[in-house]
Amino acid sequence: MSAIFEQLFAKYPDLQPCRDAVWQAYEAMEASFRRGGKMLLAGNGGSAADCEHVVGELMKGFMLKRTLPPAERDKMLIHGEEGTYIADRLQGALPAISLVSQSGLSTAFINDVAADMAVAQQVYGYGRPEDTLVVFSTSGNSANVVRAVQVAKSLGMTTIGLTGRTGGRLKQLCDIAVCVPYDGTPDIQERHLPIYHTLCMMLEEAFFA
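Below, the structure is looked at part by part.

About the thresholds
- The residue count restarts for each chain, going from 1 along the sequence in the order it is written.
- It should be noted that, the model being predicted, local features are given only for residues of pLDDT at least 70 and side-chain atom pairs only at 80 or more, the latter also being counted only at that level, while totals for whole chains, interfaces and linings use all residues.
- In computing side-chain values, all of the structure's heavy atoms are included and hydrogens and water are not.
- When a residue's accessible area, from a 1.4 Å probe over protein chains only, is under 20% of the maximum for its type it is buried; when over 50% it is exposed; and in between it is partly exposed.
- Only DSSP runs of H or I reaching four residues or more are called helices, and only runs of E reaching two or more are called strands; each is numbered from the N terminus.
- Note: the arc covers the axis-to-C-beta directions of the helix.
- We call two residues contacting when some pair of their heavy atoms lies within 4.5 Å.
- For this analysis, a polar contact is any N or O atom pair within 3.5 Å, provided that within protein one partner can donate a hydrogen and the other can accept it, and provided that sequence-adjacent residues contribute only side-chain to side-chain pairs.
- For our purposes a nonpolar core is just a set of buried Ala, Val, Leu, Ile, Met, Phe, Trp, Tyr and Cys residues, chained together by side-chain atoms within 4.5 Å.
- Whether two strands pair depends on DSSP finding at least two bridges between them.
- Assignment of crossover handedness uses the view with strands pointing away from the viewer, where a clockwise path from the first strand over the helix to the second indicates a right-handed crossover.

A few words on helix 1 (residues 3–11). Residues separated by three or four positions in an α-helix point in the same direction, a consequence of the helix having 3.6 residues per turn. All of the buried residues in helix 1 are Ile4, Phe5, Leu8 and Phe9. Considered in projection along helix 1, the buried side chains sweep an arc of 140° and stay on one side of the axis. Those residues of helix 1 that are exposed and aimed more than 90 degrees away from the buried face are Ala3, Gln7, Ala10 and Lys11. Of the surrounding secondary structure, the elements contacted by the buried residues of helix 1 are helix 2 (19–34) and helix 10 (185–208). The N-terminus of helix 1 is capped by serine 2, whose side-chain oxygen sits 3.0 Å from the backbone nitrogen of isoleucine 4.

Structural data, given as C-alpha cells:
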C-alpha cells in the first residue's frame, strides 16, 4: 500500500478502525477518474467548507508540480507566445465540483421546490454512472445529503460518505462509509481533514507523479 496511506495511520492511530474504508474510498475515486469520471461533493456548514477544500486540492497542484504533458501543451500553442504563457501556468486537474457553491440554483430550488432536494437536483443534473459522489455529514443523517446519495445511487454513481462513529443513515446508504470513531462534531471534522488530505495526495501521486 502507498506510503502516504501508511503515514495517515502512523500520525493518527485513532483512525485505525477506518483503515479499510479509507483504502476502499481511494480505490473507488481512482477508478472513477480513470474512467473519465468526476467527483461531486456535498455537505453542510463546516462540512461544506471541507467540500471546497477537497476541490482546491484536486483541481490544481497540491504536493506535486502538475506540468501539462506535451500533447496538452501543444494544444495551447495555437495562441503563439500567449499560448506558451498559458501552457506554462496551467496545471493538471482531477475534475471535482463542490455542490455547495451553486448559491443561485440552491436558493431558488430551496425557495421554489424543497430544501432537502437542492443538492439532489444538482446530482441529477451533473451526475453520470462513472462519477463519484462524496458527502460529509457528522451525524450521517443530514436530509439534503441523504437525498443526494439516494439520487446518486439511482443513477449508478459510486457513493462515499465521511461521517462519525455511528454513521447514521449514510452508513447503510453509501457504497463506502468512512466512520471516524468520534461523536462530537468538532472531533469528527478534525479527523475528516487528514483523511481527505491523504486521499487527495494519493490521487495526485497516482495521476501526476
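Of all hydrophobic cores here, the largest spans 36 residues; its most connected members are Val22, Met39, Leu41, Leu58 and Ile195. Of all the elements in the fold, those that place two or more residues in this core are helix 1, helix 2, strand 1 (39–42), helix 3 (46–58), strand 3 (132–136), strand 4 (158–163), strand 5 (176–179) and helix 10. When residues in this core are grouped by element, the largest group, eight residues, is from helix 2.

With six of six residues buried, strand 4 lies mostly within the body of the structure. Burial along strand 4 is two-sided: the face carrying Thr158, Ile160 and Leu162 and the face carrying Thr159, Gly161 and Thr163 are both buried. One ladder, built from five bridges, connects strand 3 with strand 4; its direction is parallel. Residue leucine 133 lies in a different strand from strand 4, and its bridge partner there is threonine 159. Handedness of the crossover joining strand 3 and strand 4 through helix 8 (residues 143–154): right-handed. Regarding the hand of the β-α-β motif, the stretch spanning strand 4, helix 9 (residues 168–173) and strand 5 is right-handed.

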